[in-house]
Protein chains: 2
Amino acid sequence: MDTPSKSTMHSATSRTGLEVRLAARPEGLPGPGDFEIAEVAVPDPAAGQVLVRNLFMSLEPGMLMLIAGTSGLPMPRYEIGEVMYGAAIGEVVASADPSLGAGDLVMHRFGWREYAVAQAGLFRRVDRHAYATPSTHLGSGLVAYVGLMDAAQLRPGDTVFVSSAAGATGNMAGQIARLKGASRVIGSAGSPEKVAYLTGKLGFDAAFDHHDGPIVDRLREAAPEGIDVYFDNVGGEQLHAAIEVMNPHGRIALCGALDRQGKGRPDDGPGNLLTVIGKRLTMRGFTASDHLDRAPEFDAQFRTWLSEGAIVHDETVIEGLANAPQALLGLIKGAYTGKTVVRLGT
Amino acid sequence: MDTPSKSTMHSATSRTGLEVRLAARPEGLPGPGDFEIAEVAVPDPAAGQVLVRNLFMSLEPGMLMLIAGTSGLPMPRYEIGEVMYGAAIGEVVASADPSLGAGDLVMHRFGWREYAVAQAGLFRRVDRHAYATPSTHLGSGLVAYVGLMDAAQLRPGDTVFVSSAAGATGNMAGQIARLKGASRVIGSAGSPEKVAYLTGKLGFDAAFDHHDGPIVDRLREAAPEGIDVYFDNVGGEQLHAAIEVMNPHGRIALCGALDRQGKGRPDDGPGNLLTVIGKRLTMRGFTASDHLDRAPEFDAQFRTWLSEGAIVHDETVIEGLANAPQALLGLIKGAYTGKTVVRLGT
């Protein structure tokens, strides 16, 4: 083993790390050939920069939209031949800026690579002692929280339906809805095991498998008095069904469109917009980035819920960057439960 | 001529009037055979009731939904064999309730008939001197007003797009948007004559014929800096295009779905819901009935605008109840400009 303090600075010029680039823009779902894994030299940080060794990166269904180059995205698509990006957490190895120092734990957008070198202002220091594992910082709780509180205007007593409820955002949305006063929480998922997970470990009041017959019938059975809030991760038939089962003045938070992404092609929107008018429903697209002012409030609540055992935070951990492209496809296909992260270093 | 005061009470028992009943529930658009026009005896008002001779009734595209029996409506569908209903204005002929007296001008929901007899509480007295013609009370200004102010949260400086803008609600929405501070108002309509009407008499900044090439291209030309508010009367391709051209955080008031109604069958919703998420758009269905508290405020503004010549209130008047079914079909097909009313009496 090298002596850490000296070797760190000395070996920086010869340090290499893996990164994942988009190799081609696929028509439908990407395959292994659409990604390129390269080993690159890691430069020393220039003045004002820091060098970060990544520990974990987030895998998110929305990355498929950045690969497809879908129009109307709130962030730049991935470009062919360039390294991809995404939320990650790492440790500062070397700093050429006074704002950060070696050993700091930082959140940033330079995922899909083992080492990141960039301006210090693009990294945000987080509390090393906040959670048992740094990957918890990558959780989707804030997205779920602002979707419920801001986009869907959740009120105590609401009946809430969450699609893709065993996934990262969905399982947070269902649990947070309950903690914020929903009287009944219903989830859908893609397998009997996930349905059992929702009504068992996560404490949902009802759940169903979206493969199991007409969704509108399953939803009506699960919500005999109708639903007031729908947290939509999928679009498609589930959105149509939610509109049918909604109570007047119901609110829909549009968070994702997995149904479309899974097919890799545009999906028809719900054909029941007259019902949206008749019931005076609100459908609102949102992203967490518009609501970062909610982060301190959410973080405080989340830590309290975790410490009290009031909320379950499950993770699927993929080992190593080389496995990340295949894991992204698995994520889209529903292979994982809870938040999916990739371990990039230890 | 009879002496009015005496004959009114005496002849009431032998008075007859026309009414229009739904004869069948058509699959697509209704035809003449789906309506039955009957002459019926008009009873004297019982205790607590009034007898009203109708002067005008409103024709509205939404009536097609009541004929079709579309699910999710905020009001009861028309039943086969029963007289249809809708907004109307008339004059009290005889009253058996102290709250109303002969000669009062009243608004109510008993359209599609020449005479209405019902509980006095179902009629609302209006100011006989408010407008030059009683039909102005049937205008769609309040719908447009609450759609802009409540559903779309109109802000000064917004660029506003209105579809079916030469129609009753659309022409009000475009004019009211301007009067409430929109910086640019764009309309679509179904003929070159209507387009000229929008940019000419009504003062829209830009307008286009929705038959004229890809709607998204016409809309981009008309709104090079994007749109902030879309007042949607049609759904379909225009809604899809509006989502494409909207600025981030844009707001869509869902008022009607003429595009679907004109086809008489369900329409696919917009396939670009990912764009709704990416741009963080809000789509909100609404009906004026939820916002009747706005009526006094709107009425006062509307009278001022009319008296100052700041707003144009155009009407198409159909003569006689027997012509109303055919006129409803003409309305759906875009035959008329401005508000369409049927004169039932003079």
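This text goes with the structure placed above it.
Here the structure is a predicted model, which means the values were calculated and not measured.

Chemist: Which parts of the structure should I look at to understand the sheet that holds strand 10 (residues 206-209) of chain B?
Modeler: Across a sheet, strands are paired by hydrogen bonds formed along the backbone, either parallel or antiparallel in direction. Across the sheet, which stays open at both edges, the 12 strands sit in the order 10(A)-9(A)-8(A)-11(A)-12(A)-13(A)-13(B)-12(B)-11(B)-8(B)-9(B)-10(B) with mixed pairing between neighbours. Whereas interior strands pair on both sides, the edge strands pair on one side only; in this sheet they are strand 10 (206-209) of chain A together with strand 10 of chain B. Averaged over all pairs of adjacent strands, the angle between strand axes in this sheet comes to 15°, irrespective of strand direction. Inspection of the sheet shows strand 8 (residues 159-162) of chain B paired to strand 9 (residues 184-189) of chain B by 4 bridges, in the parallel sense. By the bridge assignment, Thr159(B) is partnered in strand 9 of chain B with Arg184(B). Strands strand 8, strand 9, strand 11 (227-232), strand 12 (246-254) and strand 13 (282-285) of chain B of the sheet are contacted by helix 7 (residues 236-245) of chain B, whose axis makes an angle of about 150° with strand 12 of chain B.

Chemist: Explain the packing of aromatic side chains here, please?
Modeler: Given two aromatic rings, one states the distance between the centres and the angle between the planes to describe the pair. Applying the stated criterion across every chain, the model contains 17 aromatic pairs over all chains. On the numbers, 5.8 Å between centres and 20° between planes, the contact of Phe161(A) with Phe208(A) is stacked. With Phe161(A) in strand 8 (residues 159-162) and Phe208(A) in strand 10, this pair connects stretches of sequence that are 47 residues apart. Classification of Phe161(A) as buried rests on a relative accessible area of 0%. Here Tyr145(B) and Phe298(B) contribute two aromatic rings whose centre-to-centre distance is 5.3 Å and whose plane-to-plane angle is 45°, an arrangement assigned as tilted. Here Phe298(B) lies in helix 10 (residues 295-308) and Tyr145(B) lies in helix 3 (residues 141-151), a separation of 153 residues in the sequence. Accessibility classification places Tyr145(B) together with Phe298(B) in one group, the buried group. Within the aromatic cluster, the residues linked to one another by ring pairs are Tyr131(A), Tyr145(A), Phe298(A) and Phe302(A). It is Arg303(A) that lies over the ring of Tyr131(A); its NZ or CZ is 5.6 Å from the centre.

Chemist: I tried to follow the packing of helix 3 of chain B against helix 4 (residues 168-179) of chain B on my own but got confused; where do I start?
Modeler: When two helices pack together, their arrangement is given by the angle between the helix axes and the distance between those axes. Residues and elements named next belong to chain B. The contact between helix 3 and helix 4 brings their axes to 8 Å, and the two run at 50°. Considering their axes alone, helix 3 and helix 4 lie oblique with respect to each other. Crossing handedness for the pair helix 3 and helix 4: right-handed. Along its contact with helix 3, which presents Gly 141, Val 143, Ala 144, Tyr 145 and Leu 148, the element helix 4 presents Thr 169, Met 172, Ala 173, Ile 176 and Ala 177.

Chemist: Would you take a moment to explain the pairing of strand 10 of chain A for this structure?
Modeler: A regular strand places its side chains so that they alternate between the two faces of the sheet. All names here are of chain A. With 4 bridges connecting them, strand 9 (residues 184-189) and strand 10 associate as parallel partners. Across the sheet, Gly 187 pairs through a bridge with Ala 207, a residue of strand 10. In this region the chain leaves strand 9, passes through helix 5 (residues 192-199) and returns to the parallel neighbour strand 10; the handedness of that crossover is right-handed.

Chemist: What am I meant to see in the interface of chain A and chain B here?
Modeler: Put simply, an interface is often sized by how much accessible area is lost when its parts join up. Between chain A and chain B, the contact holds 36 residues from the first and 36 residues from the second. Of all residues in chain A, Leu274(A), Ile277(A) and Arg280(A) give up the largest surface area on contact with chain B, accounting jointly for 23% of the area buried on that side. There are 2 salt bridges connecting chain A and chain B. Between Asp290(A) and Arg280(B) there is a salt bridge, and its shortest N-O distance comes to 2.6 Å. Put simply, the parts of the chain that give the side of chain A that touches chain B at least two residues each are helix 7 (236-245), strand 12 (246-254), helix 8 (258-263), helix 9 (273-278) and strand 13 (282-285) of chain A. Counting residues per element, the side of chain A that touches chain B draws most heavily on helix 9 of chain A, at 6 residues.

About the thresholds
- Residues numbered from 1 in each chain as written.
- Chains lettered and ligands numbered in written order.
- Predicted model: local features only at pLDDT ≥ 70, side-chain atom pairs only at ≥ 80, totals over all residues.
- Heavy atoms only, no water.
- Pairing = 2+ DSSP bridges.
- Helix = DSSP H or I, 4+ residues; strand = E, 2+ residues; numbered from the N terminus.
- Axes fitted to C-alpha atoms, helices over the stretch in contact; angles between N-to-C directions.
- Contact = heavy atoms within 4.5 Å.
- Phe/Tyr/Trp six-rings, centres within 6.5 Å; stacked < 30°, edge-to-face > 60°.
- Buried < 20%, exposed > 50% of the residue type's maximum accessible area, 1.4 Å probe, protein only.
- Lys NZ or Arg CZ within 6 Å of the ring centre and 35° of its normal.
- Parallel < 35°, antiparallel > 145°, perpendicular 65-115°, else oblique.
- Left-handed = near helix turned anticlockwise from the far one by under 90°.
- Right-handed = clockwise from strand over helix to strand, strands pointing away.
- Buried area = accessible area lost by both parts, 1.4 Å probe.
- Salt bridge = Lys/Arg side-chain N within 4 Å of Asp/Glu carboxyl O.

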